Amino acid sequence: MIIVTKTDATEEQIQHILDRIVEWGLKAEVSRGALRTVIGVIGSEDSIREKPIAAIPGVESVTPVLKPYKLVAREFRGGNASKVKIGNVTIGDGEIVIMSGPCSVENKDQISSIAKEIKKAGAKVLRGGAYKPRTSPYAFQGLGTEGLRLLAETREETGLPVITEIMDTKHLEEMEKYADCLQIGARNMQNFSLLKEVGRSKLPVMLKRGMSATIKDLLMSAEYILSEGNFNVLLCERGIRTFETYTRNTLDLNAVPVLKAETHLPVIVDPTHGIGLRDHVVSMALAAVAAGADGIMVEVHNSPELAKSDGEQALLPGEFVDLVARVRKVAEAVGRSL
Ligand code: PEP
Ligand code: MN
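All values derive from a computational prediction rather than experimental measurement. (Residues numbered from 1 in each chain as written. Chains lettered and ligands numbered in written order. Predicted model: local features only at pLDDT ≥ 70, side-chain atom pairs only at ≥ 80, totals over all residues. Heavy atoms only, no water.)

Student: How should I be thinking about the overall build of the protein in this particular structure?
Tutor: When you go through the protein residue by residue, the secondary structure sums to 11 helices and 14 strands. Taken against the 2.2 N^0.38 rule, which gives 20 Å for 338 residues, the C-alpha radius of gyration of the protein at 21 Å falls within 12% of a compact globule. Principal-axis analysis of the C-alpha atoms places the extent of the protein at approximately 65 × 45 × 45 Å. Out of the 338 residues belonging to the protein, those deemed buried represent 54%. As displayed, the protein offers around 14,400 Å² of accessible surface, 50% of which is attributable to carbon and sulfur atoms. Within the protein, the 44 negative side-chain charges are centred at a point lying 1 Å from the centre of the 42 positive side-chain charges. (Helix = DSSP H or I, 4+ residues; strand = E, 2+ residues; numbered from the N terminus. Rg over C-alpha atoms; globule rule 2.2 N^0.38 Å. Buried < 20%, exposed > 50% of the residue type's maximum accessible area, 1.4 Å probe, protein only. Areas by Shrake-Rupley, 256 points an atom, 1.4 Å probe, with all protein chains shown as cover. Lys, Arg positive; Asp, Glu negative; His and termini not counted. Charge placed at Lys NZ, Arg CZ, Asp CG, Glu CD.)

Student: Please explain the coordination of the manganese ion (ligand 2) as it appears in this structure.
Tutor: Where a metal carries four tetrahedral donors, each ideal angle is 109.5 degrees; where it carries six octahedral donors, the ideal angles are 90 or 180 degrees. The manganese ion (ligand 2) binds to the protein through C103 (SG), H273 (NE2), E299 (OE) and D310 (OD), with metal-donor distances spanning 2.0 to 2.4 Å. In terms of primary sequence, the donors binding the manganese ion (ligand 2) are separated according to C-x169-H-x25-E-x10-D. Separated by 37 residues along the polypeptide, H273 in helix 9 (residues 271-275) and D310 in the loop between strand 14 (295-299) and helix 11 (317-333) bring together distant segments of the chain. With relative accessibility at 7%, the residue H273 sits in the buried group. (Donors = N, O, S within 2.8 Å, 3.2 Å for Na, K, Ca; no water.)

Student: So what exactly am I meant to see when it comes to the site of ligand 1 here?
Tutor: Looking at ligand 1, there are 13 residues lining it, with R127, A186, R187, K208 and R238 nearest. Interatomic distance of 2.8 Å between a backbone N/O atom of A186 and an oxygen atom of ligand 1. For ligand 1, an oxygen atom lies 2.9 Å from a polar atom in the side chain of R187. When ligand 1 is considered free in solution it has 300 Å² of accessible area, and contact with the protein chains removes 97% of it. In the shell around ligand 1, the residues fall into 3 nonpolar, 3 polar and 7 charged. (Near = heavy atom within 4 Å. Polar contact = N/O pair within 3.5 Å; in protein donor to acceptor, adjacent residues only side chain to side chain. Nonpolar A, V, L, I, M, F, W, Y, C, P; charged D, E, K, R; others polar.)

Student: Teacher, can you tell me more about the sheet that holds strand 8 (residues 125-127) here?
Tutor: Pairing between the strands of a sheet is mediated by backbone hydrogen bonds and can be parallel or antiparallel. If you trace the 8 strands once around the closed barrel, you get 7-8-9-10-11-12-13-14, paired in parallel fashion. Within the sheet, the average angular offset between the axes of one strand and its neighbour, ignoring direction, is 25°. Note that strand 9 (residues 162-165) and strand 10 (residues 181-184) share 3 bridges and pair parallel. Across the sheet, residue T164 finds its bridge partner in strand 10, namely L182. (Pairing = 2+ DSSP bridges. Axes fitted to C-alpha atoms, helices over the stretch in contact; angles between N-to-C directions.)

Student: Sorry if this is basic, but what is going on with the nonpolar core here?
Tutor: Nonpolar side chains in soluble globular proteins tend to end up buried together. With 77 residues, the main nonpolar core has L207, L235, I296, F320 and L323 as its most contacted residues. Leave out the neighbours within four places in its chain, and F320 touches I98, S100, I118, A121, A123, V298, V300 and L315. (Core = buried A, V, L, I, M, F, W, Y, C linked by side-chain atoms within 4.5 Å. Contact = heavy atoms within 4.5 Å.)

Student: Honestly, helix 4 (residues 145-158) in this entry has me stumped. Any pointers?
Tutor: Along an α-helix, a turn takes 3.6 residues, which lines up residues three or four apart on a common side. Here helix 4 is 14 residues long and its end C-alpha atoms lie 20 Å apart, about the 20 Å a rise of 1.5 Å per residue gives. Those residues of helix 4 that sit buried are G147, L148, L150, L151, A152, T154, R155 and T158. Turning to helix 4, the residues buried within the fold contact helix 3 (108-121), strand 8, strand 9 and helix 5 (172-178). The positive-phi residue at the C-terminal boundary of helix 4 is G159, with phi of around 80°. (Expected span 1.5 Å × (residues − 1).)

Student: Explain the packing of helix 10 (residues 278-291) against helix 11 here, please?
Tutor: When two helices pack together, their arrangement is given by the angle between the helix axes and the distance between those axes. Running from amino to carboxyl end, helix 10 crosses helix 11 at an angle of 25°, the nearest separation of the two axes being 9 Å. As summarised for this structure, helix 10 and helix 11 are arranged roughly parallel, according to the angle between their axes. Considering how the two elements wind past one another, helix 10 and helix 11 form a crossing that is right-handed. Note on element contacts: helix 11 touches helix 10 through E319, L323, R326, V327, V330 and A331, opposite R278, V282, A285, L286, V289 and A290. Taken together, the residues of the contact of helix 10 with helix 11 sort by class into 9 nonpolar, no polar and 3 charged. (Parallel < 35°, antiparallel > 145°, perpendicular 65-115°, else oblique. Left-handed = near helix turned anticlockwise from the far one by under 90°.)

Student: Is there a simple way to explain the packing of helix 3 against helix 11 in this structure?
Tutor: Close contact between helix 3 and helix 11 brings their axes to 9 Å; oriented N to C, the two are set at 25°. By the angle class used here, helix 3 and helix 11 are roughly parallel. Along this stretch, helix 3 crosses helix 11, giving a crossing that reads as right-handed. Mapping the contact onto sequence places E117, I118 and A121 in helix 3 and P317, F320, V321 and V324 in helix 11.

Student: Quick question: what am I supposed to make of helix 1 (residues 11-23) here?
Tutor: Spanning 13 residues, helix 1 covers 18 Å between terminal C-alpha atoms, matching the ideal 18 Å at 1.5 Å per step. Of the positions making up helix 1, those classed as buried are I14, I17, L18 and I21. The arc enclosing the buried residues of helix 1, seen along the axis, measures out at 95°, which places them on a common side. Facing away from the buried side of helix 1 by over 90 degrees, the exposed positions are E12 and E23. The secondary structure elements touched by the buried residues of helix 1 are strand 1 (2-5), strand 2 (27-32), strand 3 (37-42) and strand 4 (59-63). G25, located one to two residues past helix 1, shows a positive phi value of around 80°. (Arc of directions from axis to C-beta.)

Student: Just checking my understanding: could you explain the state of the cysteines for this structure?
Tutor: Covalently bonding the sulfur atom of one cysteine to the sulfur atom of another cysteine gives a disulfide. A complete count under the given rule lists 0 disulfides for this structure. Looking at the unpaired C181, the closest cysteine sulfur is the one in C236, lying at 10 Å. On the accessibility criterion, C181 (0% relative accessible area) is buried. (Disulfide = S-S within 2.5 Å.)

Student: So what exactly am I meant to see when it comes to the pattern of salt bridges here?
Tutor: When their charged atoms lie close together, side chains carrying opposite charge are able to pair. Enumeration over the complete set of coordinates arrives at 24 salt bridges. As a salt-bridge pair, R200 and E197 come within 3.2 Å of each other at their nearest N and O atoms. A cluster of three or more residues bridged by salt bridges with shared partners is formed by K108, K116, E153 and E157. (Salt bridge = Lys/Arg side-chain N within 4 Å of Asp/Glu carboxyl O.)

Here it is, written out as structure tokens:
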């Protein structure tokens with residue numbers, strides 16, 4: 001349910017509305033605009049409907065959100081976009097944020113040297129998997145806790161905040177100790193117990209679209225996280241399965257403008273997993289920015305032929321420098337910055 005206040009509503013009236021909401025056992029999310037304040041009311045729709053909210057002084061309108069997703073709906077913020085912070089990096093304020101790093105953390109030298117290269121080139125967030133969701137149980141599964149420690153050490157060296165994938169609720173505590181943002185991978189997009197658990201975390205979450213998930217499925221999964229109280233959520237388009245086999249996945253850039261219209265949450269695109277072919281990652285990164293993404297996530301490796309995962313799609317550091325320069329030009333062309 002969305003409450004819009006009158007343009008002349010006083011601070012006291014707004015506070016009174018908020019007090020009533022809490023008294024009724026409901027929760028409120030406040031977005032302050034220049035003229036009006038929009039209050040999103042959280043609770044079961046039935047119990048909200050029974051309350052005489054429209055009778056509270058200062059209230060102009062009370063509107064139900066008719067979509068199946070409520071808290072992630074763009075209306076919930078009165079049409080405004082949300083900003084999400086990873087460490088000291090803000091996503092969603094018009095500047096394109098580039099997250100980069102290897103698929104997997106492999107050893108100290110590898111993560112440290114890649115992090116320094118991508119930072120110099122313009123990346124703002126370091127990625128690296130410590131727990132890897134591999135198709136084969138015999139493939140490299142990640143360094144686990146040791147990988148998280150190496151990421152945290154590299155953050156100390158470079159100042160880059162760290163995003164890493166969480167695969168299991170039992171890892172949340174250590175993730176909160178070492179990481180700045182939790183990634184939910186495509187394979188876990190509908191792991192509802194994991195979504196609820198990260199919904200109770202203080203860390204921001206980047207939710208990747210499942211490879212067979214619709215845009216609506218993605219939004220409903222994000223709703224799980226917000227419904228537990230964590231509004232710091234980024235959505236990531238990373239390609240879906242189609243009949244096409246030339247590329248690893250089909251990067252669904254349709255999702256970008258659709259998500260930007262449907263939700264207030266920032267949208268990230270991962271062209272690396274989206275196409276899976278090194279030679280074409282840059283083109284899809286440029287297309288993502290042109291389509292309106294708030295950021296991109298790109299895998300980089302200093303020695304892709306020796307990479308323990310996803311070597312065939314990782315850019316070399318020099319190629320990443322080129323990507324950043326070209327992304328900057330496209331960003332400027334579409335009224336964004338880098
Ligand atoms: C990854 O980011 O390395 C990854 C495993 O991504 P996805 O979950 O999109 O496959
Ligand atoms: Mn990968």
